[in-house]
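Coordinates in review
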Amino acid sequence: MSTQIAPPEGTDRKELDRVVIRFAGDSGDGMQLTGDRFTSVSAVFGNDLATMPDYPAEIRAPAGTLAGVSAFQIHFADFDILTPGDQPSVLVAMNPAALKANLKDLIPGGLLIVNTDAFDNNNLEKVGYTENPLTDGSLAGFQVYEIPMTTMTVESVKDTGVNKKEAERSKNMFALGVISWMYSRPLEPTIAWLEKKFAKKPHLAQANVAALKAGHAFGETAELSAFEIKPATLAPGTYRRITGNQALAYGLIAASVQSKLPLFLASYPITPASDILHELSRHKNFGVRTVQAEDEIAAAGMMVGAAFAGHLAITTTSGPGLDLKSESIGLAVSLELPMVIVDVQRGGPSTGLPTKTEQSDLLHAMYGRHGEAPLPIVAAYSPTSCFWAGIEACRIALKYMTPVILLTDGYLANSAEPWRVPSVDKLPDISIPFASQPNAGEDFWPYLRDETTLARPWAIPGTPGLEHRVGGLEKADGTGNISYDPDNHHLMTQLRAAKIKAIEEEVEPLEFDADEDAKVIILGWGGTYGAIGAAVRRLRNRGKPIARAHLKHLNPFPKNTGDVLRRFDKVVIPEINTGQLSRLIRAEFLIDTIGINKVRALPFRAGDLEQELLKIMES
Amino acid sequence: MTESGNDLNGTRGITEAGGGVGTLTRDDFASDQEVRWCPGCGDYAILAAIQGVMPDLGIPPEKTVFVSGIGCSSRFPYYMNTYGVHGIHGRAPAIATGIASARPDLTVWVVTGDGDGLSIGGNHLIHALRRNVNLKILLFNNQIYGLTKGQYSPTSEEGKVTKSTPFGSVDHPFNPISLALGAEASFVARTLDVDRKHLTSVVRRAAAHRGSSFIEIYQNCNIFNDGAFIALTGKEGRSTNRIYLEHGKPIRFGPDASKGVRITPDGRAEIVAVGEAGDANLLVHDEHRDDPSLAFALSRLADGPTGPTPLGIFRAVDRPAYGDGMEHQLRSAADQQGPGDLSRLLNSGDVWTVN
Ligand code: SF4
């Protein structure tokens, strides 16, 4: 379906180039859905945008408490933007808890829209307000719209036959209606969406539509400020909105199609990776097999088995799951079979911050196995890049017969942005042949390597004459027979490392973008791409010369990495960890680095990065 | 196999073996690797029996995969001239689940032990049985850790004195048959390393069963736990203590079949003298009984192999195999939605165009 929607006509609207709105409420208030609908309409309208949900780890924390606040932020603009925005310029707070938890982020003078009905003594007390912030003057620095949303919602739906609870629950659509009016978003797509969603419960559809329209009408009659954000100029093409997890799932399906191998995914549910399992489970007509394993270890074991059986084998997880899979990944390194382990990084250690983001598994991916067990690491850098990363990880796995770790993070996983849908004919062919013939006279040697890639042949069960055994015990190079020979072990250790190192020959070189006279290069990896880009833009607007580069391959590094970094006086590495890439760069290239390390389990703010970079550039 | 079957399983480019399977011999299944168990180990007898029975199963070596974990028994795949994976400790059922659910066209065997399968890998074992993955699981139970040189295992008897339990073990052991039945296994059997005929017949039945087959094989570790099964293998015990279960027959055993098994009013199985109880009151063994409680009661006749112990097939019922169910879903999805079209998928949802 392709739609072109014009903004409502006839209103005197102030034009803005960008807006950051945060919808915040109780977990039960439907803020994710509200944000999602607003995003969908904005995307189809043609704005560039980026979104970031922020929900509690608890499914339903007690109503009205700080722990139960769920928020959704959208940044949309008439130009290409890079992040979901540092701070909201508009905050919709559905209750005192949402206000208390989010007010500190609202920009000074920002627009605050509150549901006054929720500001009763009980709710105020729950979050420790001794005075009502709506009346004590503490909000004087903001432009406040006080709207009794619950009352007006209940009033607007009274003819639809819903009960009181259902009526009150429609207030998120009222809020969406208000915001839609203010930012000139059409209602029709949401109405169609509601009618489809509640097709079996028409009275709920009616109530939600009524609330949405009532909110919109309220905005108009109360003459709330009205704005217009023109569509962005994006490259021509067909677009859709996509989250990182969904893009990754599509990337894996694309890799299956482009490798002509059936996709096999074994995973154990874990936040924030589960949505990849959910998405892939829906596409059985692509021959995608998904197994919800009994635990993380089993998921990794099944992946190894499926790889041996000749499938494109994948497991998806997050930090704690990666710990558990380490043993099987070590086996995969020893078996030299192709497979991809996706780690959607979250705050650690241990259970840590399951719903938040971090970049703290890089060294784990690199070294988190006993013995010397090197493997390639690919990192996605934006939500839409997860599609590319899925294909690239599979490509390397197949070509070099090796497990690959693909790193994304909680921010990339859940954030959405417009995606220019790639043309399928432009996707690379990543298929490799199975072994079909003996390769050593009459015999088949499973560890007889390809001379350039050092990859061993992949002979799958069912192939007559190529029966062979592989295992975790050290094996002789070539024959693959168990070998306890010391020199062979040394050789195999070197070969396993050399095979991974050899990938640098064909990994695309590290691109860098440098101003003339730039003395400082910012080197990033993973999900900080957008924030670094926005910070660099700001520095350039200030006339500060700067260079930047972003690593997509973390092992091996692109071959020119050292050369690129040595061109500059200072190498600055911002990371949401205490300096993991810094350690690798120093160790690999003997180049000193300056870290910007904030481990708040939140994405970097472009403004903070800008300030830190200025300090470094001026020091 | 049909063209589309090959596609679904990803076996493109593989040509099926010509010449049929009727001509297979034991040599087709024995690898050239030197067998390295201790002389006298019960594993030799099991290997010989398996290599001996494989040609009769009608499945060529290339369609056969042996998967193991870690332990003495887990060296097994190296000695079979089939496809094989020597995995990691306890994980064989998981690895095998990956193979069997990816490739329903293969016959996948799991060789494990009491430490590998019931201790470190207990979770994978019970879940493989619950799912009814199409696996033939051979659990070599020697009631000891052999490869790590003689610690007690989850099937060692209470009070077992070993290097790690110098004052005797205070652990209560598993009864592997009870465990498998409790885990919803659809095929559950027990046999003995030294009884080649019985072992072979049970293995044959297990191979023919679609779904998970679980066989506990009592296996003597003559180095660290010699004589653990002497009550069943000794000169006297051989005739007095082996209770062979036969489908459709009253359960009788011992010299002159003078003893039998009957079910008490409160549901236990007990051993009785046939003369006193009367033949008509004995339990008639029914492998195919859907309800597993009688099979479970039989498994409780012996806590360990120290007295009269049932051998044979406790349970053999039909239940859809995991990989088959998965393949069915793939086929019906492709039938209903048409085969996957990548371009259509990528362009699905709310899309818009920029000119
Ligand atoms: S230690 Fe025991 S089980 Fe292991 S090979 Fe020796 S005799 Fe057999």
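Preceding block: the structure.
Residues numbered from 1 in each chain as written. Chains lettered and ligands numbered in written order. Predicted model: local features only at pLDDT ≥ 70, side-chain atom pairs only at ≥ 80, totals over all residues. Heavy atoms only, no water.

All names here are of chain A. Counting buried positions along strand β2 (residues 18-26) gives 8 out of 9 residues, so the element sits mostly inside the fold. Two strands pair when backbone bridges link them, and β2 and strand β4 (residues 69-77) are joined in this way by 9 bridges, in the antiparallel orientation. By the bridge assignment, Asp26 is partnered in β4 with Val69. The pairing of β2 with strand β5 (residues 90-93) spans 4 bridges and is classified as parallel. Its bridge partner lying in β5, Arg22 is registered against Leu91. (Buried < 20%, exposed > 50% of the residue type's maximum accessible area, 1.4 Å probe, protein only. Helix = DSSP H or I, 4+ residues; strand = E, 2+ residues; numbered from the N terminus. Pairing = 2+ DSSP bridges.)

Before going further, it helps to examine the nonpolar core. The biggest cluster of nonpolar side chains holds 163 residues, and the ones touching the most others in it are Leu523 and Leu581 of chain A together with Ile99 of chain B. Top element by residues in this core is helix α14 (residues 385-400) of chain A. It accounts for 10 residues. Among residues more than four places away in sequence, those in contact with Leu523 of chain A are Leu510, Ala549, Leu551, Leu565, Val571, Val572, Ile573, Pro574, Leu581 and Ile585 of chain A. By size, the runner-up hydrophobic cluster in this structure holds 52 residues, among which are Ile21, Phe72, Val92 and Leu234 of chain A. (Core = buried A, V, L, I, M, F, W, Y, C linked by side-chain atoms within 4.5 Å. Contact = heavy atoms within 4.5 Å.)

Pairs of aromatic rings are described using the distance from one ring centre to the other and the angle between the two planes. Residue and element names in this part refer to chain B. On inspection of all chains with the given rule, the structure shows 20 aromatic pairs over all chains. Ring plane angle 80 degrees and centroid distance 5.1 Å describe the contact between Trp37 and Tyr79, whose orientation is recorded as edge-to-face. With a gap of 42 residues between them, Trp37 in the loop between α2 (26-29) and α3 (42-53) and Tyr79 in the loop between β1 (64-68) and β2 (83-86) connect regions that are remote in the sequence. A single burial state applies to Trp37 and to Tyr79, both of which are buried. (Phe/Tyr/Trp six-rings, centres within 6.5 Å; stacked < 30°, edge-to-face > 60°.)

Moving on to the packing of helix α4 (residues 92-102) of chain B against helix α6 (residues 122-131) of chain B. Residue and element names in this part refer to chain B. At a closest axis distance of 7 Å, the pairing of α4 and α6 adopts a crossing angle of 35 degrees. Each of Pro93, Ala94 and Thr97 in α4 lies in contact with α6, whose residues at this interface are His124, Leu125 and Ala128. Taken together, the residues that form the contact of α4 with α6 break down as 4 nonpolar, 2 polar and no charged. (Axes fitted to C-alpha atoms, helices over the stretch in contact; angles between N-to-C directions. Nonpolar A, V, L, I, M, F, W, Y, C, P; charged D, E, K, R; others polar.)

Residues and elements named next belong to chain B. Taken in spatial order, the 3 strands of this open sheet run β8-β9-β10, and their pairing is antiparallel. Strands with a single pairing partner mark the edges of an open sheet, and in this sheet they are β8 (252-253) and β10 (269-273). Examined bridge by bridge, strand β9 (residues 259-263) and β10 share 5 bridges and lie antiparallel to one another. Paired with Lys259 across the two strands is Ala273, which belongs to β10.

Counted under the stated rule, the structure contains 48 salt bridges over all chains. For Glu612 of chain A, the salt bridge identified is with Lys598 of chain A, shortest N-O distance 3.9 Å. Separated by 14 residues along the polypeptide, Glu612 of chain A in helix α20 (residues 606-618) and Lys598 of chain A in the loop between β23 (594-597) and α20 bring together distant segments of the chain. A residue is classified by how much of its surface remains accessible, and Glu612 of chain A, at 25% relative accessible area, is partly exposed. Using a relative accessible area of 33% as the deciding quantity, one classes Lys598 of chain A as partly exposed. Asp105 of chain B is paired through a salt bridge with Arg103 of chain B; the nearest N and O atoms lie 3.0 Å apart. Among the residues examined, Asp105 of chain B registers a relative accessible area of 17% and is labelled buried. Connected via shared salt-bridge partners are Asp86, Arg538, Arg542 and Glu610 of chain A. (Salt bridge = Lys/Arg side-chain N within 4 Å of Asp/Glu carboxyl O.)

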